[in-house]
Amino acid sequence: MLPIEYIPRYTVEDYRKWKGDWELIEGVPFAMTPSPFGKHQKITGNLVTLLNIQRENCLEKNINVYVELDWIINDNTVVRPDVSVLCREVDEYIKTTPEAIFEVVSKSTALKDEKIKFELYREEGVKFYILVYPDIKKVRAFRLNNREYEKVFDDEDGIFSFNLCGCDFGLNIKKVFS
């Protein structure tokens, strides 16, 4: 087995030169291939639509929903969440911690979404981390509490209620998958 110190590590500067879609987590590149299937894209679109409709009804108008926008966490970590919600506008890339992140989980991304990103987002202080499972039509949501994630929703039906930026949201699970 190759000693860990011999495994190459990369930076955001390297990342910017690469062709194709990648994420870089603690210097380790992750290829984002193949590109998402239609089911994944439809669910992502549904999430964005549902969030934006509710966002329009909020008194706080500085709630922004972004799709597949790079979050540059530090010099050796760049991720591209499926959907990010922030209480501020982003001009180029996300450079501060989002309030909520949604990841649409596939067989090829499950390990990264459920383990690696789960820990990364927890460490970075993402208030809500929501995993969306197209194959079983289920949503699992975690809320950061005392620097640890606690599961606050795990169902294929019902409404996941949460507050972001002083605004109440209710995510109808059936509509996510319709």
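Residues numbered from 1 in each chain as written. Predicted model: local features only at pLDDT ≥ 70, side-chain atom pairs only at ≥ 80, totals over all residues. Heavy atoms only, no water.

Visitor: With reference to specific residues and values, describe the pattern of salt bridges.
Guide: Across all of its chains, the model carries 15 salt bridges by this definition. Where Asp154 meets Lys138, a salt bridge forms, and the shortest distance between an N and an O atom there is 3.4 Å. Taken together, the positions of Asp154 in strand 10 (residues 148-155) and Lys138 in strand 9 (residues 138-145) put the pair 16 residues apart, joining distant regions of the chain. Given the relative accessible area of 29%, Asp154 is considered partly exposed. When salt bridges with common partners are traced through the structure, they connect Glu23, Glu103, Lys112 and Lys117 into a single cluster. (Salt bridge = Lys/Arg side-chain N within 4 Å of Asp/Glu carboxyl O. Helix = DSSP H or I, 4+ residues; strand = E, 2+ residues; numbered from the N terminus. Buried < 20%, exposed > 50% of the residue type's maximum accessible area, 1.4 Å probe, protein only.)

Visitor: Provide a residue-level description of the side chain of Glu99, including the pertinent values.
Guide: By the secondary structure assignment, Glu99 is in the loop between strand 6 (83-86) and strand 7 (100-104). The class for Glu99 is buried, based on a relative accessible area of 17%.

Visitor: Provide a residue-level description of the sheet that holds strand 8 (residues 128-133), including the pertinent values.
Guide: An order of 3-6-7-8-9-10 is seen for the six strands of this open sheet, with the pairing classed as mixed. Two strands close off the open sheet at either side, each with one partner strand: strand 3 (64-67) and strand 10. Neighbour to neighbour, the strand axes of the sheet diverge by 15° on average, direction disregarded. For strand 3 and strand 6, the ladder comprises four bridges, and the chain directions are antiparallel. Opposite Asn64, over in strand 6, you have Leu86 as the bridge partner. Set on the sheet, helix 2 (residues 38-56) makes contact with strand 3, strand 6, strand 7 and strand 8; between it and strand 3 the angle comes to about 170°. (Pairing = 2+ DSSP bridges. Axes fitted to C-alpha atoms, helices over the stretch in contact; angles between N-to-C directions. Contact = heavy atoms within 4.5 Å.)

Visitor: How would you explain the environment of Trp18 if you had to name every residue and give the values?
Guide: Following the sequence through the fold, Trp18 ends up in the loop between helix 1 (12-15) and strand 1 (22-25). In contact with Trp18, not counting residues within four places along its chain, are Tyr10, Leu24 and Pro29. A distance of 3.3 Å separates the side chain of Trp18 from the backbone oxygen of Asp14, its partner in a polar contact. (Polar contact = N/O pair within 3.5 Å; in protein donor to acceptor, adjacent residues only side chain to side chain.)

Visitor: Just give me the short version of the state of the cysteines, but keep the residues and values in it.
Guide: Tallied over the entire structure, the rule returns two disulfides. Shown here is the disulfide that connects Cys58 with Cys167, its sulfur atoms set 1.5 Å apart. With Cys58 in the loop between helix 2 and strand 3 and Cys167 in strand 12 (residues 167-172), this pair connects stretches of sequence that are 109 residues apart. Residue classification places Cys167 among the buried positions, given a relative accessible area of 6%. Here Cys87 pairs with Cys165 through a disulfide, and the sulfurs are 1.7 Å apart. Judged by the sign of its S-S torsion, about -90°, the bond between Cys87 and Cys165 is left-handed. Within this pair, whereas Cys87 is found in the loop between strand 6 and strand 7, its partner Cys165 is found in the loop between strand 11 (159-164) and strand 12, the two being separated by 78 residues in sequence. Relative accessible area serves as the criterion here: at 18%, Cys165 is assigned to the buried category. If one numbers only the bonded cysteines of the protein chain, in the order they occur, the disulfide pattern is 1-4, 2-3. (Disulfide = S-S within 2.5 Å.)

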